[in-house]
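Here is how the chains run, residue by residue.
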Amino acid sequence: LKPDPIDRFEPPDGSRVREVFDYLGSEVFEKLAAHEQEFLLKTAILPDISPELAAPLAQAGHSEEILSTLIRRNFFIERGLEPGAACRYHPLFRSFLLDRFAGRYPDPEARRLRKKAGDLLVLAGRRDDAAGLYAEAGEWGRLAELIHEIAPHRILQGRLGTVLAWIELLPAQ
């Protein structure tokens, strides 16, 4: 699946994204407490963040407090206007966090976290969002089950292209 342009920042050619990432790292991220860094890195793999999804993923029982603190500090987090709305990281900041996530967590741990995030999204009724995480985690069996479960409904909604994109993610065997 192609990343949603809202979810991932795609810099124009010749941009200075590495300089921005270096700034975010040295002036912002590195000055946070270790538990805040961990929270940000683990929740960056989610398309949006709510305390209900963040707590089990980041293993932070105080995720609502961390999220509220980061929002109060204007920490590159956007919150929807309606009560209880989920939050999203600014696309450039999320790209920075995903870059750090890849460097911090070795492949088996990164795959485990993505699988867990996918499972949490399924439990929250957000199967479309879970599909991409299952593919990134190499959870082909779970992705195939998910496609089998929701494809008929998505096709009836006129979303055959989405279903085909999910199928294309599966390995040939």
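Our structure is the block above this text.
Residues numbered from 1 in each chain as written. Predicted model: local features only at pLDDT ≥ 70, side-chain atom pairs only at ≥ 80, totals over all residues. Heavy atoms only, no water.

## As for the overall build of the protein chain
For the protein chain, the count of helices and strands is nine helices and two strands. Moving toward the C terminus, one meets the helices and strands of the protein chain in the order α-α-α-α-β-β-α-α-α-α-α. Put simply, the protein chain has 173 residues, and 42% of those count as buried. Per element, the accessible surface of the protein chain, about 9,800 Å² overall, is 53% carbon and sulfur. (Helix = DSSP H or I, 4+ residues; strand = E, 2+ residues; numbered from the N terminus. Buried < 20%, exposed > 50% of the residue type's maximum accessible area, 1.4 Å probe, protein only. Areas by Shrake-Rupley, 256 points an atom, 1.4 Å probe, with all protein chains shown as cover.)

## A short note on the nonpolar core
Formed by 49 residues in total, the largest nonpolar core has its most connected members in F39, L40, Y89 and L97. Sorting elements by how many residues they give to this core places helix α5 (residues 91–104) first, with six residues. Dropping the residues within four chain positions of it, F39 is found in contact with I49, A54, A58, A60, S63, I66, L67, L70 and Y89. (Core = buried A, V, L, I, M, F, W, Y, C linked by side-chain atoms within 4.5 Å. Contact = heavy atoms within 4.5 Å.)

## Remarks on a nonpolar patch on the surface
A grouping of I155, L160, L164 and I167 is seen on the molecular surface, where their side chains present a nonpolar patch of about 330 Å² in accessible area. Broken down by element, the nonpolar patch gets its largest block of residues, three residues, from helix α9 (residues 160–169). In this structure, I155 sits in helix α8 (residues 140–156). I155 gets classed as partly exposed once you look at its relative accessible area, which sits at 42%. (Patch = residues over 30% accessible without salt bridge, like charges linked within 9 Å, V, L, I, M, F, W, Y side chains within 5 Å. Salt bridge = Lys/Arg side-chain N within 4 Å of Asp/Glu carboxyl O.)

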